Amino acid sequence: MSARAAARRPGLNRYRFLRIFWRVVLLLVVAIGSVIFILPFVWMVSTSFKATDEVLRFPPIWIPASLRFENYIEPWARLPFSTYYKNTITVVALNLVGTLLSSSLVAFGFARLRFRGRNILFLILLSTMMLPSQVTLVPTYYLFAKLGWVNSLRPLIIPVFFGSAFNIFLLRQFAMTVPLELDDAAKIDGCGYLATYWRIVMPLMRPALGVIAIFQFTNDWNDFFSALIYLNSPKNFTIALGLRTLQSTILYVPMQQVMAMTLITMIPVLAVFLIAQRKFIQGIVITGVKG
Amino acid sequence: MAQAIGSTKGAVVDRRRHLSQRAKEEIAGYLFISPWIVGFLIFTAGAMIFSLGLVFFKTDLLTGFNFYGLRNITKMLSDPLYHKSLQVTSYYAFAVVPLSLAIGLIIALGLNQGLPAQSLWRTLYYLPSVTSGIAVAMLWMWIFHPDAGLLNQALLMAGIEGPRWLYSENWAVPAFIIMGAWGAGGNMLLYLAGLQGIPTHLYEAARIDGASSLRTFWAITIPMLSPTIFFNLIMGIIGSFQIFTQALVMTSGGPNNATLTIMLYLYRKGFEQFQFGYASAIAWSLFVIVLLLTLLVFRSSAVWVYYEGEVRK
């Protein structure tokens with residue numbers, strides 16, 4: 001046995017060498033691939049600091065001669081970007097409160113309380129997850145138009161306060177894993193249902209609430225369609241809609257400034273992703289939702 | 001102790017109180033779920049019924065409802081722009097879905113080899129998928145710029161004169177496809193999770209049996225990953241048929257309607273021209289198309305998707 005192993009040793013060395021060689025090749029390919037994926041971002045950042053004559057130069061310059069921060073300051077001052085930012089933050093903040101509160105309340109009801117028709121109602125809730133949003137687009141618009149809410153932030157916020165089927169489902173599954181004895185103990189201590197929900201189940205659902213909050217934030221920040229159909233006047237624009245105004249030929253915004261504002265639009269979402277990366281990826285894998 | 005005795009006594013004496021406890025829970029249950037019930041009745045059930053009804057009417061915000069019979073549908077079926085939008089959207093979807101499935105899988109396989117700094121690579125590949133919508137559209141408009149854009153400058157350095165991308169009838173949709181493939185990181189994450197769920201003993205058994213790595217890939221990795229592929233495929237179909245932002249912002253449907261997608265056409269009819277009946281007809285047609293495709297994939301899944309622990313008939 002040992003003699004055979006010894007006879008093989010030179011071959012084994014060659015095998016090891018080949019293995020390491022292929023791993024280095026693979027690492028290189030992976031690294032080059034990731035550079036290609038990141039290059040558009042690098043190009044954006046680079047463009048946003050360039051002077052006008054550097055923008056159009058061939059071959060392209062990656063590092064501008066000097067960092068022109070004016071590209072950020074000038075459009076921010078000239079156009080109502082601070083208003084766009086303020087509106088977006090309003091929508092995002094209220095929607096976070098709305099979705100966390102409503103979805104967890106409903107999930108608590110489905111997970112912890114017994115009432116007639118509970119299972120059928122939950123089945124209905126599950127089936128609504130598969131319904132297409134485009135079909136309800138026109139009626140929803142019609143409703144908000146009749147209410148006189150078009151060109152206000154209300155259509156972007158109010159619907160969230162009714163809970164989303166997907167979040168309710170996620171939280172309900174999570175709440176099911178919390179032992180029912182805790183509810184009984186709370187009851188003995190004189191807690192009503194609302195207190196049980198708020199003091200016992202809510203804190204234990206925190207991990208799932210975190211995932212939901214991250215997704216709600218990125219979705220609202222990136223949301224373009226609702227803003228497009230509901231908001232008409234620039235004082236109500238969110239950042240997504242405000243960014244689009246840079247395309248207008250009347251304003252004539254040079255490319256380096258467009259890229260600067262695009263970067264400013266992306267930064268909050270990128271920052272949340274990079275900070276809460278583990279939670280984010282875990283959430284995607286659990287829910288199958290892609291950013 | 002005294003409390004315990006008191007409570008058993010109470011249960012015997014006061015049955016009515018016990019019943020009302022049950023009723024209280026029932027009422028509380030309905031109250032807790034009431035936000036969803038109200039939302040469901042208004043924004044889901046009500047909206048869908050209204051939407052279906054709208055198909056048979058001609059209406060906008062100002063005039064009333066005029067009964068229109070099936071004319072919205074017949075008009076749509078003979079509308080050349082509607083046909084064009086179907087064609088554009090299917091072209092995009094049938095190219096971008098397989099492409100991002102494949103790219104996502106290739107990256108995931110590469111990252112699953114236990115390379116150093118694995119989470120760094122994963123982050124870099126996933127980053128484009130975090131950003132979406134308008135900012136990405138603005139960024140790629142600049143990259144696709146025919147003269148000064150990054151892509152054509154890179155091509156020029158390789159000695160190729162690039163196409164005019166968004167300004168070209170033939171190259172505008174391929175430009176969207178490239179953008180779509182750039183977002184394959186979402187698929188990759190799910191594949192990675194799937195790959196990590198494959199038990200290593202399967203690979204060990206294959207190695208003992210002397211299976212080549214290619215054979216192992218087709219006989220173990222792909223079947224074990226098929227539920228993830230299936231999921232990515234379904235989500236990909238649903239998402240790609242709703243392509244909108246790129247078409248509106250980057251090309252506004254042009255040139256010569258080369259990028260008129262279904263959602264863009266719906267948007268124009270519904271929210272620019274306020275033809276609510278016609279827009280609803282388009283919306284339902286999009287729903288039916290996606291539903292049929294999804295069902296087709298579901299039906300086919302019996303043949304190619306492998307579920308561990310599945311009870312075979």
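Residues numbered from 1 in each chain as written. Chains lettered and ligands numbered in written order. Predicted model: local features only at pLDDT ≥ 70, side-chain atom pairs only at ≥ 80, totals over all residues. Heavy atoms only, no water.

**Remarks on the interface of chain A and chain B**
Across the contact, 90 residues belong to chain A and 90 residues belong to chain B. In this assembly, chain A packs against chain B so that about 8,100 Å² is buried in total across both faces, 78% of it on carbon and sulfur atoms. When the buried surface of chain A facing chain B is broken down by residue, Phe37, Gln134 and Tyr142 of chain A rank first, second and third, together holding 9% of it. The interface formed by chain A and chain B holds 2 salt bridges in total. (Contact = heavy atoms within 4.5 Å. Buried area = accessible area lost by both parts, 1.4 Å probe. Salt bridge = Lys/Arg side-chain N within 4 Å of Asp/Glu carboxyl O.)

**So, the packing of aromatic side chains**
On inspection of all chains with the given rule, the structure shows 49 aromatic pairs over all chains. For the ring pair phenylalanine 57 of chain B and phenylalanine 67 of chain B, a centre distance of 5.5 Å and an interplane angle of 80° mean the geometry is edge-to-face. Here the residue phenylalanine 57 of chain B occupies a position in strand S1 (residues 57-58), and phenylalanine 67 of chain B occupies one in strand S2 (residues 66-67), the gap between them amounting to 10 residues. The ring of phenylalanine 122 of chain A has arginine 172 of chain A lying over it, and the distance from NZ or CZ to the ring centre is 4.0 Å. Taking NZ or CZ as reference, lysine 75 of chain B lies 4.8 Å from the ring centre of tyrosine 278 of chain B, over its face. (Phe/Tyr/Trp six-rings, centres within 6.5 Å; stacked < 30°, edge-to-face > 60°. Helix = DSSP H or I, 4+ residues; strand = E, 2+ residues; numbered from the N terminus. Lys NZ or Arg CZ within 6 Å of the ring centre and 35° of its normal.)

**Re the domain arrangement of chain B**
All names here are of chain B. Partitioning chain B into structural domains gives domain 1 (2-54) and domain 2 (72-304). Taking the mean C-alpha position of each, domain 1 and domain 2 sit 44 Å from one another. Counting residues at the interface gives 4 residues for domain 1 and 5 residues for domain 2. For the pair domain 1 and domain 2, the summed buried surface comes to about 400 Å²; carbon and sulfur atoms form 64% of the total. Taken as a group, Met48, Ser51 and Leu54 account for 83% of the area that domain 1 buries against domain 2, more than any other trio of residues on that side. Applying the counting criterion to the domain 1 and domain 2 interface returns 0 salt bridges. Connecting domain 1 to domain 2 are 1 residue pair in polar contact (both at pLDDT 80 or more). For the side of domain 1 that touches domain 2, the residue count by class is 3 nonpolar, 1 polar and no charged. (Domains from an automatic or database assignment. Polar contact = N/O pair within 3.5 Å; in protein donor to acceptor, adjacent residues only side chain to side chain. Nonpolar A, V, L, I, M, F, W, Y, C, P; charged D, E, K, R; others polar.)

**Brief notes about the pattern of salt bridges**
The final tally for this structure, using the stated rule, is 5 salt bridges over all chains. Note that arginine 68 of chain A and glutamate 70 of chain A form a salt bridge whose closest N and O atoms lie 3.6 Å from each other. Among the residues examined, arginine 68 of chain A registers a relative accessible area of 30% and is labelled partly exposed. Residue glutamate 26 of chain B pairs with arginine 116 of chain A through a salt bridge whose shortest N-O separation is 2.7 Å. Taken as a pair, glutamate 26 of chain B in helix H2 (residues 15-54) and arginine 116 of chain A in the loop between helix H4 (81-112) and helix H5 (118-128) lie in two separate chains rather than in one. On the basis of relative accessibility, which here comes to 64%, the residue arginine 116 of chain A falls in the exposed class. (Buried < 20%, exposed > 50% of the residue type's maximum accessible area, 1.4 Å probe, protein only.)

**Here we look at H5 of chain A**
Residues and elements named next belong to chain A. Restricting attention to buried positions, one finds in H5 the residues Leu121, Phe122, Leu125 and Thr128. Projected down its long axis, H5 shows its buried positions confined to an angular sector of 115°, all on one face. Of the exposed residues in H5, those oriented more than 90 degrees away from the buried face are Asn119, Ile120 and Leu123. (Arc of directions from axis to C-beta.)

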